[in-house]
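Residue-level structural notes
Spelled out, the chains give:
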Amino acid sequence: VKIAIAGAGAMGGRFGSMLATTDNPVTFIDLWQQHVAAINAHGLLAHTNDGDKRVHVPAFLPKDVHGTFDLIILFTKAMGIADMLTALKPVITPATHVLELGNGIGNIETISKFVPKNQIIAGVTVWSAALNGPGEITMKGNGSVTLQALASNEEPFFKQVLQVLTEAGLKPTASNDVLTAIWRKAALNSVLNTYTTILDCNIGEFSQVPDCDTLIDNVLDEFAAIAANQHVHFDEAATKQLIVAQFPDDANGTHYPSMHQDMAKGRKTEIDFLNGYIAKVGAKAGIPTPVNALLTKLIHGKEQLRQIQ
Ligand code: NAD
């Protein structure tokens, strides 16, 4: 399977490095020129559970990519998907599948503007990684991937993808209800990422704030209302349980979620694809979503105060 990683940041770097250990050719595609240049000059330096290694995978700016790919794994931020797919139009053919595992709701709709639904595979992952600077990532810990072919999980190519991800040690599981997994993860992020960013604290500290329980319920109640409107199965109690399970220090209590890190680095957040998505659909459907709307405005306010474009 000829693989391109489109968006070779923290997660793209991790998936590309792991896939490069298999027999399948991997290419990195990224819009950050310095990062592309560093990878081509010295390989991607990856700090892993087993020590440091340099991963030698060719990297290109989208405009310099030639040839075609069987599988494009998208790992831009949610707001970068459309630009990346616009740039990759010349290399996407009817035989190209696009795999999307990033956070946020609405990514499938964005991708389906560029690629027919039967060429899309979507899912979520609990692998994690950090981009330290051009050409350097940290990829520690363990994880897994849950994914579904929008056409059918019985498609031979989908089975090949599962096989390749398994060979790379990425631990994939096929799901028949990936939207539920995507919404559960988005709801968790819309609580933990958003509140820790506004309060400037880690997950354990958030669990200690007065009325933490109500703050969580206020976000999740609106998620449940919008999920029902969108005919997505959403288990509010199970999502809350998953959130609370992150609180202890030996779970994720000491962790600063990615939105907090993005804000600290002066990078735009994915708020419009988390709380912002709920507020947008609520406004369209006439379903009140005042909490998610307010949280979205507060994060945008913070981005603006920090002059993040
Ligand atoms: P990332 O910020 O590391 O990379 C995304 C893109 O931004 C890449 O193309 C990268 O080159 C570019 N970029 C990053 N810093 C830049 C800079 N200073 N200048 C120019 N370009 C820059 O994002 P990520 O963490 O890999 O996330 C990709 C998707 O995966 C997101 O939807 C995220 O929410 C999701 N996700 C991330 C993690 C994680 O642990 N990082 C875990 C699960 C899901």
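Residues numbered from 1 in each chain as written. Predicted model: local features only at pLDDT ≥ 70, side-chain atom pairs only at ≥ 80, totals over all residues.

1. As for the UniProt feature "domain: Ketopantoate reductase C-terminal" (unreviewed entry) in the protein
Mapped onto this numbering, the UniProt entry annotates "domain: Ketopantoate reductase C-terminal" (unreviewed entry) at residues 177-303. The distance from the first to the last C-alpha atom of residues 177-303 is 34 Å, and the span holds 72% helix and 0% strand. (UniProt positions renumbered as here; feature names shortened; annotations may be inferred. Helix = DSSP H or I, 4+ residues; strand = E, 2+ residues; numbered from the N terminus.)

2. Digging into the sheet that holds strand S9 (residues 130-133)
The 4 strands lie next to each other as S4-S3-S10-S9, forming an open sheet whose pairing is mixed. Because the sheet does not close on itself, it has two edges, and the strands there are strand S4 (51-55) and S9. Within this sheet the neighbouring strands show an average axis-to-axis angle of 25°, counted without direction. Where S9 meets strand S10 (residues 136-139), 3 bridges bridge the pair, whose relative direction is antiparallel. Bridging across to S10, Leu131 finds its partner in Ile137. Sheet strands touched by helix H1 (residues 10-19): strand S3 (44-48), S4, S9 and S10. Its angle to S10, the strand with the most contacts, is close to 75°. (Pairing = 2+ DSSP bridges. Axes fitted to C-alpha atoms, helices over the stretch in contact; angles between N-to-C directions. Contact = placed C-beta atoms within 7 Å.)

3. Quick look at the site of the ligand
As a matter of local geometry, the ligand sits amid 22 residues, with Gly9, Met11, Gly102, Asn103 and Ser128 nearest to it. Sorting elements by how many residues they give to the shell around the ligand places H1 first, with 3 residues. Residue composition of the shell around the ligand, by class: 8 nonpolar, 11 polar and 3 charged. (Near = placed C-beta within 6 Å. Nonpolar A, V, L, I, M, F, W, Y, C, P; charged D, E, K, R; others polar.)

4. Some points on the sheet that holds strand S1 (residues 3-6)
In space, the 8 strands of this open sheet follow the order S5-S2-S1-S6-S7-S8-S11-S12, with mixed pairing throughout. The sheet is open, and its two borders are formed by strand S5 (59-60) and strand S12 (172-174), each paired with just one other strand. Here helix H5 (residues 156-167) sits on the sheet in contact with strand S6 (71-74), strand S7 (97-100), strand S8 (120-125), strand S11 (145-149) and S12, set at roughly 155° to S12.

5. With respect to the nonpolar core
One finds Ile5, Ala6, Ile72, Ile73, Leu74 and Ile121 to be the most contacted residues of the largest nonpolar core, which totals 83 residues. Element by element, the count of residues in this core is highest for helix H6 (residues 178-199), at 9 residues. For this core, the two domains that each supply at least three residues are domain 1 (3-176) and domain 2 (179-305). Setting aside its immediate chain neighbours within four residues, Ile121 contacts His97, Leu99, Leu147, Gln148, Ala149, Leu150, Phe158 and Val161. (Core = buried A, V, L, I, M, F, W, Y, C linked by C-beta atoms within 7 Å. Buried ≥ 20, exposed ≤ 12 C-beta atoms within 10 Å, placed from the backbone. Domains from an automatic or database assignment.)

6. What to know about the domain arrangement of the protein
By domain assignment, the protein separates into domain 1 (3-176) and domain 2 (179-305). For domain 1 versus domain 2, the distance between C-alpha centres works out to 25 Å. Opposite the 11 residues of domain 1 that make contact, domain 2 presents 12 residues. Grouping the constituent residues of the side of domain 1 that touches domain 2 by class yields 4 nonpolar, 6 polar and 1 charged.

7. A closer look at helix H12 (residues 275-285)
Within H12, burial applies to Asn275, Gly276, Tyr277, Ile278, Ala279 and Val281. Where H12 is buried, its residues meet H6, helix H8 (212-229) and helix H13 (290-305). Positive backbone phi, at 70°, marks Gly286, one or two positions downstream of H12.

8. Section: the UniProt feature "domain: Ketopantoate reductase N-terminal" (unreviewed entry) in the protein
Those residues carrying the UniProt feature "domain: Ketopantoate reductase N-terminal" (unreviewed entry) are residues 3-150 in this numbering. Within residues 3-150, the helical portion is 22% and the strand portion 32%, while the C-alpha atoms at the span's ends are 19 Å from each other.

9. A few points about the pairing of S8
Within S8, 6 of the 6 residues are buried, which leaves the element mostly enclosed by the surrounding structure. Neither face of S8 is exposed, since Ile120, Ala122 and Val124 on one face and Ile121, Gly123 and Thr125 on the opposite face are all buried. Strand direction decides the pairing type here: S7 and S8, joined by 3 bridges, are parallel. By the bridge assignment for S8, Leu99 is matched with Ile121. Here S8 pairs with S11 via 5 bridges, running antiparallel. Its bridge partner lying in S11, Ala122 is registered against Gln148.

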